[in-house]
Amino acid sequence: MNKFNSFSNAGGLRKPLDVSASANNYQVPSENRSAAIGKAQDSAIDEMALVRSARKGDLHAFNRLVLAYQDRVYTQACYLLGDPATAEDIVQESFIAAYTALPNYRGGSFHIWLFRIVQNKCLDELRRRKRHPITPFEAIDVWGEEIESSHWSADPAETPEESLIRAETDRYLLRCLDRLKTEYRTAIVLVDLLDLRYGEAAKILGCPLGTVKSRLARARLQMRYLLREASHITSR
């Protein structure tokens, strides 16, 4: 079966946040560290060669792009939406949209182009939720609100204790992210949770570099406050 047609996330999220430490001192990656990570990821595949082949109709080449980026864009969608099932749908739709739009691709970084597609689809979904809100039947979190269990980020190698800690961490993080303004959440997801460079985030968000840095500063400040609040509630 073709991997693109049967695409689904197999790995889950790779970067759970240490809530107990973050409640006191929210840690963010340095720009140099983010740049180093980005370069290492970019060099893992010959992105442009695969894009050129895919534009000529080579589905195998596009499948390799899917495999290279599916975990990262799934992580992006999960953090923005807080809903793994919807995130899977968004990622599937995004790859189909990217494949369909390849004839109109004008060069530049493919993964930045792909992240922008996912970003826009997530924003469309968030706007749809505002127009048609629903109340899911889910577990209650520390704020007394309903959330979904974070089985989507489970690691098969985890012990039961590690799994419980990771699940609680994911709940904290997703709930805190959900309480940020959309423009702050998108910035912090791209830079602090996906390790993209500031310039890459600016291209994805379609705003000046200074705007990204300003949004990040405010988002990080609010995350520190929200994580401290969560830590205080659970310690009662």
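To start, this report covers the structure provided alongside it.

About the cut-offs
Residues numbered from 1 in each chain as written. Predicted model: local features only at pLDDT ≥ 70, side-chain atom pairs only at ≥ 80, totals over all residues. Heavy atoms only, no water. Axes fitted to C-alpha atoms, helices over the stretch in contact; angles between N-to-C directions. Helix = DSSP H or I, 4+ residues; strand = E, 2+ residues; numbered from the N terminus. Left-handed = near helix turned anticlockwise from the far one by under 90°. Contact = heavy atoms within 4.5 Å. Nonpolar A, V, L, I, M, F, W, Y, C, P; charged D, E, K, R; others polar. Core = buried A, V, L, I, M, F, W, Y, C linked by side-chain atoms within 4.5 Å. Buried < 20%, exposed > 50% of the residue type's maximum accessible area, 1.4 Å probe, protein only. Arc of directions from axis to C-beta. Parallel < 35°, antiparallel > 145°, perpendicular 65-115°, else oblique.

**Description of the packing of helix 4 (residues 59–81) against helix 6 (residues 110–131)**
(1) Moving on: Close contact between helix 4 and helix 6 brings their axes to 10 Å; oriented N to C, the two are set at 35°. In this structure, helix 4 crosses over helix 6, and the sense of that crossing is right-handed. Between helix 4 and helix 6, the residues in contact are Phe62, Leu65, Tyr69, Arg72, Val73, Gln76, Ala77, Leu80 and Leu81 and Phe110, His111, Leu114, Phe115, Val118, Gln119, Cys122, Glu125, Leu126 and Arg129, respectively.
(2) Moving on: In terms of residue class, the contact of helix 4 with helix 6 is made up of 13 nonpolar, 3 polar and 3 charged.

**Some remarks on the nonpolar core**
(1) Moving on: Core analysis: the largest hydrophobic core is formed by 58 residues, its most contacted members being Phe62, Phe110 and Leu177.
(2) Moving on: Those elements giving two or more residues to this core turn out to be helix 3 (47–55), helix 4, helix 5 (84–101), helix 6, helix 7 (160–178), helix 8 (182–193), helix 9 (198–205) and helix 10 (209–234).
(3) Moving on: Sort the elements by how many residues they give to this core and helix 4 lands first, with 12 residues.
(4) Moving on: Other than its neighbours up to four places away in sequence, Phe110 contacts Glu47, Val51, Phe62, Leu65, Tyr69, Leu102 and Tyr105.

**As for helix 3**
(1) Moving on: Buried residues of helix 3: Glu47, Leu50, Val51 and Ala54, and no others. Seen along its axis, helix 3 keeps its buried residues to an arc of 100°; they face one direction.
(2) Moving on: Residues of helix 3 that are buried sit in contact with helix 4 and helix 6.
(3) Moving on: Backbone geometry just after helix 3 places Gly57 at a positive phi near 100°.

**Quick word on the packing of helix 6 against helix 9**
(1) Moving on: One can describe the packing of helix 6 onto helix 9 by two numbers: an axis separation of 9 Å at closest approach and a directional angle of 50°. Overall, the two elements helix 6 and helix 9 adopt an arrangement that is oblique. Of the two possible hands of crossing, helix 6 and helix 9 adopt the one that is right-handed. Note on element contacts: helix 9 touches helix 6 through Glu200, Lys203, Ile204 and Leu205, opposite His111, Ile112, Phe115, Arg116 and Gln119.
(2) Moving on: The residue makeup of the contact of helix 6 with helix 9, split by class, is 4 nonpolar, 2 polar and 3 charged.

In short, shape yes, function no, at least from these values alone.
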